[in-house]
Amino acid sequence: MIGTAFVMLLILGIQAPPLVVYRKWWDLAVFLGFWSGAAAYALLVVAGVNIPTATEVIITMINLGRELVTGN
């Protein structure tokens with residue numbers, strides 16, 4: 001887990017400084033958004049947290065919608 005955190009911080013350290021130097025604030029904001037999501041996902045996977053797949057989420061949402069419509 002420490003190795004994953006190190007790699008994610010290394011990516012941040014390589015990619016972010018040029019964006020700050022050249023004042024590309026929008027690019028930096030978008031990069032940080034994607035980087036934050038990727039870092040969180042990577043650390044959760046390494047930690048062994050059971051993360052549902054996209055298919056499981058879609059099926060659950062469809063079933064929830066079906067229950068709301070039919071009232072069951």
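Before any of the text, the structure's been laid out above.
Quick caveat, the model's predicted, so the values are computed rather than measured. (Residues numbered from 1 in each chain as written. Predicted model: local features only at pLDDT ≥ 70, side-chain atom pairs only at ≥ 80, totals over all residues. Heavy atoms only, no water.)

(A) Highlighting helix α2 (residues 25-47). A rise of 1.5 Å per residue sets the reference length of α2, with its 23 residues, at 33 Å; its end C-alpha atoms lie 32 Å apart and thus fit the reference within 8%. For α2, the elements touching its buried residues are α1 (2-21). The positive-phi residue at the C-terminal boundary of α2 is G48, with phi of around 85°. (Helix = DSSP H or I, 4+ residues; strand = E, 2+ residues; numbered from the N terminus. Expected span 1.5 Å × (residues − 1). Contact = heavy atoms within 4.5 Å.)

(B) Region of the structure containing helix α3 (residues 54-70). When the terminal C-alpha atoms of α3 are compared, their 24 Å separation across 17 residues agrees well with the 24 Å that a helix rising 1.5 Å per residue should span. Once α3 finishes, G71 follows within two positions and takes phi at roughly 80°, a positive value.

(C) Inspection of the packing of α1 against α2 at higher detail. At a closest axis distance of 10 Å, the pairing of α1 and α2 adopts a crossing angle of 180°. Here α2 runs roughly antiparallel to α1, going by the angle between their axes. Contact residues: α1 offers T4, A5, M8, L9, I11, L12, Q15, A16, L19 and V20, while α2 offers W25, D27, L28, F31, L32, W35, A38, A39, A42, L43 and V46. Looking at the contact of α1 with α2 residue by residue, the class counts come to 18 nonpolar, two polar and one charged. (Axes fitted to C-alpha atoms, helices over the stretch in contact; angles between N-to-C directions. Parallel < 35°, antiparallel > 145°, perpendicular 65-115°, else oblique. Nonpolar A, V, L, I, M, F, W, Y, C, P; charged D, E, K, R; others polar.)

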